[in-house]
Amino acid sequence: MFSQRLCGPEDAARTSETYRVLRVVGRTAGSLGWQKASRCEEPVFTASLMENDAYDRIGDEPPNYEETSFSGGTTSNGNGTGNGEHRAVRPSVVSAFGHDTLDRVPNIDFYRNAGSVSGNRAVRPSLQELHDVFQKVSVEGSDGTPSDDVESVIPLDNKDGTVRFGWIKGVLVRCMLNIWGVMLFIRLSWVFGQAGWGLGIVVIALSCVVTTVTGLSMSAICTNGVVRGGGAYYLISRSLGPEFGGSIGLIFAFANAVAVAMYVVGFAETVVDLLKENNAIMIDELNDIRIIGCISVVLLLGISVAGMEWEAKAQIGLLIILLVAIVNVFVGTGIPASTDKKSKGFFNYDAKIFMENLPPDFRDGETFFSVFAIFFPAATGILAGANISGDLKDPQDALPKGTLLAILITGVTYLGVALCVSATVVRDATGNINDTIATGMDMFCNGSNTAACEQGWNFSSCDVSSCKFGSMNNFQVMTMVSGFGPLITAGTFSATLSSALASLVSAPKVFQALCKDNIYTALKFFAKGHGKNNEPIRGYVLTFIIAVAFIIIADLNVIAPIISNFFLASYALINFSCFHASYAKSPGWRPAYRYYNMWLSLFGAVLCCGVMFVINWWAALLTYAIEIFLYVYVTVKKPNVNWGSSTQAVTFVSAVNNALSLTGVEDHVKNFRPQCMVLTGAPKNRPALLDLAHCFTKNYGLCLTYVNAGMEKNQMWLNKKKRKAFYAAVACDSFRQGTENLMQASGLGRLKPNILMMGFKKDWRTADTAGVQSYVGVLHDAFDFEYGTVVLRMNQGLDISHIIKAQGEYTHASYLVVNAYYCIIKHITNVFSFLFSPPASVTTPQSPQVVVVNERLVSNSTQFQRKQGKGTIDVWWMFDDGGLTLLLPYILTTRKKFKDCKMRIFIAGQPGRVEQDRHEMKSLLEKFRIKYADIHVIDDITQNPNSNSWKMFEDMIEPFRLHEGSKSTTLAEALRKDNPWKISDAELDTFEEKTNLQVRLNELLQENSRAANLIIVSMPIARLGSVSDHLYMAWLDILTKNLPPTMLIRGNHKSVLTFYS
């Protein structure tokens, strides 16, 4: 609040035009203020120092400011640590403008985040330095030479040897290897056998549509700013916020871990098939798959733990093998088929075989969507490059180029290989070289094996019993088709192991990025990295455990659909992120990649959601249930991050639109809500005042609290205490001026405060005249601006700032003493002076009486945070003010804390009309639908107060009376001229009846409401210019003296209650 600085001996050394400036200290964010020291009696505003939890702890926050003398010297950094992080005021330099200035030309370093891997962050000169320093202080000794930016973040350690990949090695190769996975050599022929090449093309096309749209959306998002590690999690969390990002990040990391199992099982199946051909099965096929799978994943884990460089080398080797194997397939389809291959269903290109494979032939309960569910994981490799985005040289350039090109190349490859197989391999074959048809007997060919029959082979037995060969039955068709079978086996190994390796790297990287953001505090353990590339060793181990658990299933067709929905959910959110950011039209949405469309992204999101339910409706519901659960969890936990998400942008746009729509609607009494402007100072200093205001507004009204400093710190305190209120500050020369400015300018459109709420000035009798006039002037201003007015009085007072300050000083001093004792061990000779002169706040214990008073004050100040016991809220509705005096206590009774409190109504009545007045009030309350416990009619309110009460009032105003009636006319006029603020005898005579009413009301309150939980009384109004400020304060004081918590309420005399529908 506004304060006056007292003169001290040190002020004599200061000249009349000495100004103070703010300087950076530490890494905490502070609200800016100014301080003028030209005259010790002038107002002082100081910068507020606080810890800002809303900013990233790595140092990506604005600097904190501390006032200090410009002339130099050493001061503490504001938190008592004395760590020497201070900086001197930056001298002016000769810039590009040819004259001394602190202004800097635009530079990329000013826009970096702290911890940037591509350069060191610099902080431009603050507005206070440019404005205050040059206008008020001349810098001596400035030689005009450029100096280093003293606000620059300390340079990061040079990470020599860190592996960074380009777009080919880092994105294109990885995506192709991941997409050319287990499906290419093991399941692609089966997919086209089941669906036919007609629907098979649809399967591949639908997958490509989903991945291409997602790739376009991802390209837009990742070119809208620097991309860090974390892949899909990073993109979604930075676009939609931590709630969406945190929920999908966990799911996506888990899906990649399960994908490791899928690819390893595909590899193990191929090995087991080789063992079976050579009669080398170890136990049985199922257990052999498990054994080989577990051994394989252990070897892959070793490569991954060795580091990204070894993993990248392994990927290149696997890619070469894979490319050779793919070429081998195309070559093999053109080599004349041997008799053995023909018996197994492979013939060279034949139009009849091609047409026979056109229609679908779903078997064993398979459908188009079940087949699609099995194939789709092959397309999930598009995020392989994004998942290691933190290890790319230029993610913004590499991700769009590499990902989209990989989708094109792999899509064409899948389609080409599948069509070649469909044109050369029949669905069913016996594998028996004796199942031939004699020459000339092909004229009898019919049924499902017509094409093979016309080639001279009789596979009709496959219609009766299942066969082991053909595209529907043999998963090793690619080996048979190829020119050199072992190359396909090597290609299968390469495809499966490369995809498994990519997923094994991706899952820990994504999981590590999620854990580093500390969204799930329990997972912080996995955030730690090791080595030059910050490898997530702990994440690798966790991924290994999950992969082994799913390898035990040992069935590729069971594992594949499990992860399909998880990947589709990730793709849906990536598409929705792009749409949402475009829809918000935030100025910060400026993607360098232009070939995207917000509606196409929305279509992609809807398509992904639809495909999820089509593939497996219960798995889709389970995926959404998990995602919603995680979303709610993160929302409730409120992670301490702020990434400027599009969700915030849309919320802002919606708020503005809603506020604008309200401006065109006239206020209606049925929609009246208390919108409180609460003069709390720092909110934590007057908790009782804020707690009551919060009860009035709760989640349905507007609550604003005001002082002149520390906005951000106090807003954070409100949020932490779950007080839904806005905190605002104003720079002013006086308390009244600031409040007057706020009452005129606060709010936006219809969202403006309509009630001024403040505490009772308990020290009005000892305060200076200006303070009393300022306080009463605020009440007059509230009436003039037609605000409802609420004044809260509690016997112990409302302000506990001195207790909070004392506790803070004690804690801080204790910290210094502990540090001092620690220093004794190392530098005992340097700390004796410190130890023998500890802070006064520590060495001077408080007396027991003071401690008891403080404990009682703190307890009373927090009483409205606790549930109120059974009791009453007594409403003394003396004057009709529009109904605010009745509405506010009614609102209190609807809150949980006051639900056990009954409302009693007290009204003034005339003698002889008690029952009639009670009946009329009862009828009015029933029409207002307000519940009450009892109605009391006070018919003796006009009686004169007793002598003791009157004596108390006279003693109260005695120091402020003129007593001009007992003096001569000349002396009386001189007294009135010299002390116009004092209470004259004429004034007392004029307002004798009103004064008697306040004193009499206090007697009645003492008599009827001493046991109430809360008292509500109609506030008396002093006519402006007629009633002196001290007399008005005496009215308010005597009216509420020695009572339970009491609220004086006066509405603006506009109806806030109505009985019309």
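The rules behind these values
Residues numbered from 1 in each chain as written. Predicted model: local features only at pLDDT ≥ 70, side-chain atom pairs only at ≥ 80, totals over all residues. Heavy atoms only, no water. Helix = DSSP H or I, 4+ residues; strand = E, 2+ residues; numbered from the N terminus. Buried < 20%, exposed > 50% of the residue type's maximum accessible area, 1.4 Å probe, protein only. Contact = heavy atoms within 4.5 Å. Areas by Shrake-Rupley, 256 points an atom, 1.4 Å probe, with all protein chains shown as cover. Pairing = 2+ DSSP bridges. Right-handed = clockwise from strand over helix to strand, strands pointing away. 1 Å grid on protein atoms, 1.4 Å probe; cavity = no way out; pocket = protein on both sides within 12 Å on 5 of 7 lines; lining within 4 Å. Points joined across faces, edges and corners; volume = space filled by probe spheres on them. Nonpolar A, V, L, I, M, F, W, Y, C, P; charged D, E, K, R; others polar. Core = buried A, V, L, I, M, F, W, Y, C linked by side-chain atoms within 4.5 Å. Phe/Tyr/Trp six-rings, centres within 6.5 Å; stacked < 30°, edge-to-face > 60°. Axes fitted to C-alpha atoms, helices over the stretch in contact; angles between N-to-C directions. Parallel < 35°, antiparallel > 145°, perpendicular 65-115°, else oblique. Disulfide = S-S within 2.5 Å. Expected span 1.5 Å × (residues − 1). Arc of directions from axis to C-beta. Left-handed = near helix turned anticlockwise from the far one by under 90°. Patch = residues over 30% accessible without salt bridge, like charges linked within 9 Å, V, L, I, M, F, W, Y side chains within 5 Å. Salt bridge = Lys/Arg side-chain N within 4 Å of Asp/Glu carboxyl O.

K.L.:
Please explain the overall build of the protein as it appears in this structure.
P.N.:
A count of helices and strands for the protein gives 34 helices and 14 strands. Across the 1061 residues that make up the protein, the buried fraction comes to 51%. For the protein, restricting intrachain contacts to residue pairs at least 6 apart in sequence, the fraction spanning at least 24 positions comes to 78%. Accessible surface, the protein as shown: approximately 48600 Å² in total, 58% of it carbon and sulfur.

K.L.:
I keep staring at the pairing of strand β8 (residues 755-759) and nothing clicks. Help me out?
P.N.:
By the criterion of burial, β8 is predominantly enclosed, with five of the five residues buried. A two-sided burial pattern is seen for β8, the buried positions comprising I755, M757 and G759 on one face and L756 and M758 on the other. The pairing of strand β5 (residues 675-678) with β8 spans three bridges and is parallel. Bridging from a neighbouring strand, V678 pairs with M757 of β8. Sheet analysis places β8 next to strand β9 (residues 788-793), joined by five bridges and oriented parallel. Considered in β9, the bridge of G759 is made with L792. Between β8 and its parallel partner β9, the chain crosses via helix α23 (residues 769-784), and the hand of that crossover is right-handed.

K.L.:
Got a minute to help me understand empty space enclosed by the protein in this structure?
P.N.:
It is the rolling of a water-molecule-sized probe over the atoms that shows where space remains empty. Taken as a whole and assessed by the stated rule, the structure comprises three cavities of 30 Å³ or more. Taken as a whole, the second largest cavity holds about 90 Å³ of empty space. Every residue lining the second largest cavity is listed: I179, I204, S207, C208, T211, F375, A379, I382, I407, T410, G411 and Y414. Elements with a contribution of two residues or more to the lining of the second largest cavity: α3 (182-222) and α11 (395-422). The residue inventory of the lining of the second largest cavity, partitioned by class, reads eight nonpolar, four polar and no charged.

K.L.:
Before we go on, may I ask you to explain the nonpolar core in this structure?
P.N.:
One recurring pattern in soluble globular proteins is that nonpolar side chains are buried together. L184, F185, L188, L383 and Y414 are the most contacted members of the largest nonpolar core, which has 133 residues in total. Looking at this core element by element, the count peaks at 17 residues for helix α5 (residues 242-277). Those residues in contact with L184, other than ones at most four positions away along the chain, are L322, I326, Y414, V417 and M478. The next biggest cluster of nonpolar side chains, apart from the first, holds 52 residues, and it includes Y775, L1005, M1033 and W1035.

K.L.:
Sorry if this is basic, but what is going on with the packing of aromatic side chains here?
P.N.:
Geometry of an aromatic ring pair is reported as the spacing of the ring centres plus the angle between the planes. Going through the model one piece at a time under the given rule, you end up with 26 aromatic pairs. Judged by centre distance (4.7 Å) and plane angle (40 degrees), the rings of F1059 and Y1060 are tilted. The exposure class of Y1060 is exposed, given its relative accessible area of 58%. Joined through ring pairs, the aromatic side chains of F576, F579, Y583 and W599 make up one cluster.

K.L.:
What am I meant to see in the packing of helix α17 (residues 598-615) against helix α18 (residues 617-637) here?
P.N.:
Packed helices, taken two at a time, are described by the angle their axes make and the gap between the axes. At a closest axis distance of 5 Å, the pairing of α17 and α18 adopts a crossing angle of 130 degrees. With respect to their mutual orientation, α17 and α18 come out oblique. Across the interface between the two elements, C609, M612, F613 and I615 from α17 touch W617, A620, L621, T623 and Y624 from α18. Looking at the contact of α17 with α18 residue by residue, the classes come out as eight nonpolar, one polar and no charged.

K.L.:
I'm lost on unusual backbone geometry in this one. Help?
P.N.:
Note: most residues except glycine have negative phi, and most peptide bonds are trans. Its identity is not glycine, yet N279 carries a phi of approximately 55 degrees, on the positive side. Structurally, N279 is set in the loop between α5 and α6 (285-306). According to the relative accessible area criterion, N279 is exposed, its value standing at 73%. Although it is not a glycine, D364 sits at a positive phi angle of roughly 55 degrees. Along the chain, the position of D364 falls in the loop between α9 (351-356) and α10 (368-375). Residue classification places D364 among the exposed residues on the basis of a relative accessible area of 78%.

K.L.:
So what exactly am I meant to see when it comes to the state of the cysteines here?
P.N.:
Linking two cysteines covalently via their sulfur atoms produces the bond known as a disulfide. Summed over the entire model, instances satisfying the criterion amount to one disulfide. With its sulfur 1.8 Å from that of its partner, C462 forms a disulfide with C467. The sign of the S-S torsion, about -105 degrees, decides the handedness of the disulfide formed by C462 and C467: left-handed. C462 gets classed as buried once you look at its relative accessible area, which sits at 11%.

K.L.:
Can you help me understand the environment of L240 in this one?
P.N.:
In this fold, L240 is placed in helix α4 (residues 231-240). Along the primary structure L240 and W643 are separated by 403 residues, whereas in three dimensions their C-alpha atoms are 9.0 Å apart. Apart from residues no more than four positions distant in its own chain, L240 is found in contact with L573, F576, S577, H580, S645, S646 and T647.

K.L.:
I would appreciate a short explanation of the side chain of D1029 in the present structure.
P.N.:
Within the secondary structure, D1029 sits in helix α34 (residues 1029-1040). Look past the residues within four positions of D1029 in its chain and what remains in contact with it is V772, Q773, V776 and H780.

K.L.:
Explanation requested: the pairing of strand β10 (residues 871-876) in the structure shown.
P.N.:
The side chains of a regular strand alternate, residue by residue, between the two faces of the sheet. Counting buried positions along β10 gives five out of six residues, so the element sits mostly inside the fold. Here β10 pairs with strand β11 (residues 901-908) via six bridges, running parallel. Residue pairing in the sheet places V875 in a bridge with I905 of β11. The parallel pair β10 and β11 is bridged by helix α28 (residues 884-893), and the resulting crossover is right-handed.

K.L.:
Is there a simple way to think about α18 in this case?
P.N.:
Given 3.6 residues to a turn, an α-helix orients residues that are three or four positions apart in the same direction. Spanning 21 residues, α18 covers 30 Å between terminal C-alpha atoms, matching the ideal 30 Å at 1.5 Å per step. Looking only at α18, the buried set comprises A619, A620, T623, E627, L630 and V634. Down the axis, α18 shows its buried residues gathered within 105 degrees of arc, on one side only. Away from the buried face of α18 by more than 90 degrees, exposed residues W617, W618, I628, F629 and V636 are located. Downstream of α18 by one or two residues, K638 has phi in the positive range, about 50 degrees.

K.L.:
Quick question: what am I supposed to make of the packing of α10 against α17 here?
P.N.:
Direction vectors running N to C along α10 and α17 enclose 115 degrees, while the axes themselves pass 9 Å from each other. Classified by the angle between their axes, α10 and α17 sit roughly perpendicular to one another. Seen from above, α10 lies across α17 with left-handed handedness. Of α17, the residues touching α10 (which contributes F369, F372 and A373) are V611, V614 and I615.

K.L.:
Teacher, can you tell me more about a nonpolar patch on the surface here?
P.N.:
A cluster of nonpolar side chains, contributed by F613, W617, W618, L621, L622 and I626, occupies part of the molecular surface with about 630 Å² of accessible area. Tracing the chain through its elements places I626 in helix α18.

K.L.:
Looking at this model, I keep getting lost on the environment of G883. Mind explaining?
P.N.:
As for its position among the elements, G883 is in the loop between β10 and α28. In this structure G883 comes out as buried when scored by relative accessible area, which is 3%. C-alpha of G883 to C-alpha of L1057: the two residues are 174 residues apart in sequence and 5.8 Å apart in space. Other than its neighbours up to four places away in sequence, G883 contacts W877, V1056 and L1057.

K.L.:
Explain the pattern of salt bridges to me, please; I cannot follow it from the model alone.
P.N.:
Once their charged atoms are close, side chains differing in charge can pair, the charge on each being opposite to the other. Counted under the stated rule, the structure contains 21 salt bridges. A salt bridge links R913 to D917, with the nearest nitrogen and oxygen atoms 3.1 Å apart. Judged by relative accessible area, which is 28%, R913 ranks as partly exposed. The network of salt bridges with common partners includes D361, R363 and D428.

K.L.:
Sorry if this is basic, but what is going on with the side chain of S207 here?
P.N.:
Note on placement: S207 falls in helix α3. Not counting residues within four places of it along the chain, the set of residues in contact with S207 comprises F372, F375, F376 and A379.

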